[in-house]
Amino acid sequence: GIYLAEMLQIYVDALNSPEGIPEVGSTWDQVMKNTYQIATTKPTELYKSKMSVLTFPMEDDDLRRIHSEATKEAVECFQQLTQIDTDGIFKEYLTHLQKLRLKTLVMLWRMCIESTIRMP
């Protein structure tokens, strides 16, 4: 359905372009990349919402557990939204998620330090 419609649009755009020559492989890759870019929004927001409710101070094991659960849920959400996997694009999303996790952990660490400093 939607994948075929997007592929056809890419072919039409390529045929209407003076230099355009549609290729099945690159067209499919573009369709999948577009799909995955759209599908990253919901899992990213899910991960952020799970991590944003943390309160400090907190035990390290609890933080690791919550972080691990949030990551697992985000990846499952992403896989459910896409349901078609091409290794390169999926790995690209996982890299994006890992960068987001790192940024979140740094932010959480700073919050933890700030809450420790403010404690009487």
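To be clear, the structure that these remarks concern was listed above.
Residues numbered from 1 in each chain as written. Predicted model: local features only at pLDDT ≥ 70, side-chain atom pairs only at ≥ 80, totals over all residues. Heavy atoms only, no water.

(A) Inspection of the overall build of the protein at higher detail. Across its full length, the protein holds five helices and zero strands. Starting at the N terminus, the α and β elements of the protein follow one another as α-α-α-α-α. Expressed as a percentage of the 120 residues in the protein, the buried residues total 29%. Restricting to contacts in the protein with at least 6 residues of sequence separation, those with at least 24 account for 66%. (Helix = DSSP H or I, 4+ residues; strand = E, 2+ residues; numbered from the N terminus. Buried < 20%, exposed > 50% of the residue type's maximum accessible area, 1.4 Å probe, protein only. Contact = heavy atoms within 4.5 Å.)

(B) Broad picture of helix α3 (residues 41-52). With 12 residues, α3 should reach 16 Å at 1.5 Å per residue; the first-to-last C-alpha distance of 16 Å fits that figure. Along α3, the residues classified as buried are Pro43, Thr44, Tyr47 and Met51. Seen along its axis, α3 keeps its buried residues to an arc of 100°; they face one direction. Exposed and oriented more than 90 degrees from the buried face of α3 are Lys42 and Ser52. (Expected span 1.5 Å × (residues − 1). Arc of directions from axis to C-beta.)

(C) How the structure looks around the nonpolar core. Core analysis: the biggest nonpolar cluster contains 12 residues, these being Tyr47, Met51, Leu54, Phe56, Leu63, Ile66, Ala70, Ala74, Val75, Leu97, Leu100 and Leu108. Among the elements that take part in this core, helix α4 (residues 60-82) stands out by supplying five residues, more than any other. (Core = buried A, V, L, I, M, F, W, Y, C linked by side-chain atoms within 4.5 Å.)

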